[in-house]
Amino acid sequence: MEETKSGPSEAQKARQQQRELQELKLQERISQIRNTVLVLSGKGGVGKSTVAANLAVTLCAEGFQVGLLDADMHGPSVPKILNVESEPVYADGENIVPVRTGAGLRVMSIAFLARGKDEAVIWRGPLKMNVLRQLLADVEWGNLDFLIVDLPPGTGDEPLSICQLIPNAAGGIVVTTPQELSVADVRKCITFCRRLELPVLGVIENMSGFVCPHCGKRADIFGEGGGQRMAQDMDVPFLGRVPIDPVIVRACDEGHPFVEEFPDSPSTKAFLDAVEPITQLGRE
Ligand code: ADP
């Protein structure tokens, strides 16, 4: 519209220049990250953010330099899980400094940019894309062994945009619960990864069985083994099962990663076994 017969306007040229600069910045940031791991799920509420946050904490405890990007635009819960909700976020010129946990994990969340946790965030299409790009390009991630990205659930435009911004990611972890509906959504997730040529590092079956703390009997509340069967069918690695555990809910609510808070619980052991192949990537 602003373009005249004599070519683009000054404003258009300035915008174009800004886009090119941001693209260069994005490439530079990404080149400093050894392994980007995207955490996906077919739908919300299956424990994707819990897995992403506890994976990042686990890798940090192994001595790796780790960043955690909470890119779930509609339910950013990482700051709550890690109890960094009210941490201030500093910007130095055009760069945003990630929040650091006591253990040195670098965290950035869309929730920090939309303070006021009770407000529903309405991001319109182009703005959404800009925010996601900014979270990668403008945040001073520094040199990282791992960047763990908590993606929005599903296989829509938002996870697609993020995957496209990071074309060389090490791969995706798909989180599901064992029941059929969730598992059917995960098939879509795997197809989505394949279309984007994103390697599937594996499937985690979360909320898989409940062991009664009183009688010790196991009940498979959401069915059993669906994630594992689906992983076999679709020829992707099955990483393991994490049971439904009240201590996980409590730890999340209180803002303590359960792997740190309950290191000896069977669910922590199951989780650590499941993510061992990811830890291995850092040792290669
Ligand atoms: P998502 O990111 O998929 O929406 P969350 O990670 O926010 O899901 O988890 C949703 C809720 O389920 C949270 O309250 C969390 O504490 C709980 N949760 C996750 N995994 C487990 C588990 N294995 N056992 C019990 N509660 C869990």
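Look above for the structure.
Please read all numbers here as calculations on a predicted model, not as lab measurements.

Rules behind the numbers
- Here the residue numbering is sequential within each chain, running from 1 through the sequence in written order.
- Per-residue local features are limited, in this predicted model, to residues with pLDDT of at least 70; the limit for side-chain atom pairs, both in listing and counting, is 80 or more; totals at the level of whole chains, interfaces and linings are taken over all residues.
- Working from all heavy atoms in the structure, the side-chain values ignore hydrogens and water.
- For this purpose, a residue is taken to be near a molecule or strand whenever a single non-hydrogen atom of the residue falls within 4 Å of it.
- For the purposes of these results, a polar contact is taken to be a pair of N or O atoms within 3.5 Å, where, inside protein, one atom must be able to donate a hydrogen and its partner to accept one; residues adjacent in sequence count only when each atom of the pair is a side-chain atom.
- Here, Shrake-Rupley sampling with a 1.4 Å probe gives the accessible areas, and only protein chains in the shown set may cover a residue.
- Each helix is a run of DSSP H or I of at least 4 residues and each strand a run of E of at least 2, with the numbering of both proceeding from the N terminus.
- Relative accessible area decides the class of each residue, using a 1.4 Å probe on protein chains only: under 20% of the type maximum gives buried, over 50% gives exposed, and in between gives partly exposed.
- Along the arc lie the directions from the helix axis toward the C-beta atoms.
- The criterion used for residue contact is that any of the two residues' heavy atoms lie within 4.5 Å.
- A fitted line through C-alpha atoms represents every axis, and for helices the fit uses only the stretch in contact; the resulting angles, taken between N-to-C directions, go from 0 to 180 degrees.
- Should an angle fall under 35 degrees it is called roughly parallel, over 145 degrees roughly antiparallel, and 65 to 115 degrees roughly perpendicular, with every other angle called oblique.
- Note on convention: the crossing is left-handed when the near helix lies turned anticlockwise from the far helix by less than a right angle, right-handed when the turn is clockwise.
- Charged residues are taken to be Asp, Glu, Lys and Arg, nonpolar residues to be Ala, Val, Leu, Ile, Met, Phe, Trp, Tyr, Cys and Pro, and polar residues to be all remaining types, Gly included.
- Each reported salt bridge corresponds to a side-chain nitrogen of Lys or Arg within 4 Å of a carboxyl oxygen of Asp or Glu.

1. Here's the deal with the site of the ligand
As a structural note, the neighbourhood of the ligand is formed by 16 residues, with G45, K48, S49, T50 and P243 the closest of them. Measuring from an oxygen atom of the ligand, one finds a backbone N or O atom of V46 at 3.0 Å. Contact distances for the ligand include 2.9 Å between an oxygen atom and a backbone N or O atom of G47. Surface burial for the ligand is 81%, taken as the share of its 560 Å² of free accessible area covered by protein chains. Residue assignment for the shell around the ligand shows that the elements contributing at least two residues are α2 (48–61), β9 (200–211), β11 (238–244) and α9 (246–254).

2. Here we look at α9
Among all positions of α9, only V247, I248, A251 and C252 are buried. Seen end-on, α9 carries its buried residues on one side only, within an arc spanning 135°. On its buried face, α9 sits against α2, α3 (78–81), β11, α10 (258–261) and α11 (266–283). Where α9 begins, the capping side chain belongs to D245, and its oxygen is found 2.9 Å from the backbone nitrogen of V247. Taken from the residues just after α9, G255 is the one with a positive phi, measuring 80°.

3. Things to note about the side chain of N206
Looking at where N206 falls in the secondary structure, it is placed in strand β9. Setting aside residues no more than four positions away along its own chain, N206 makes contact with V46, G47, V175, T176, T177, P178 and V242.

4. Some thoughts on the packing of helix α7 (residues 180–195) against helix α8 (residues 226–233)
Running from N to C, α7 and α8 cross one another at 30°; their axes reach a closest spacing of 10 Å. Judged on the interaxial angle alone, α8 and α7 are roughly parallel. When the axes of α7 and α8 are compared, the crossing they make is right-handed. Facing α7, whose interface residues are E180, V183, V186, R187 and I190, α8 presents G226, G227, R229, M230 and D233. Among the residues making up the contact of α7 with α8, the classes are represented as four nonpolar, two polar and four charged.

5. Brief notes about the pattern of salt bridges
Evaluation of the coordinates by the stated rule reveals eleven salt bridges. Measuring nitrogen to oxygen at the nearest pair gives 3.3 Å for the salt bridge that ties K13 to E10. Of this pair, K13 and E10 both sit in helix α1 (residues 10–31), separated by three residues, roughly a single helical turn. Its relative accessible area of 44% is what places K13 among the partly exposed residues. Owing to a relative accessible area of 60%, E10 belongs among the exposed residues under this scheme. Of the charged contacts in the structure, one is a salt bridge between R133 and E23, with a shortest N-O distance of 2.8 Å. With a gap of 110 residues between them, R133 in helix α5 (residues 125–137) and E23 in helix α1 connect regions that are remote in the sequence.

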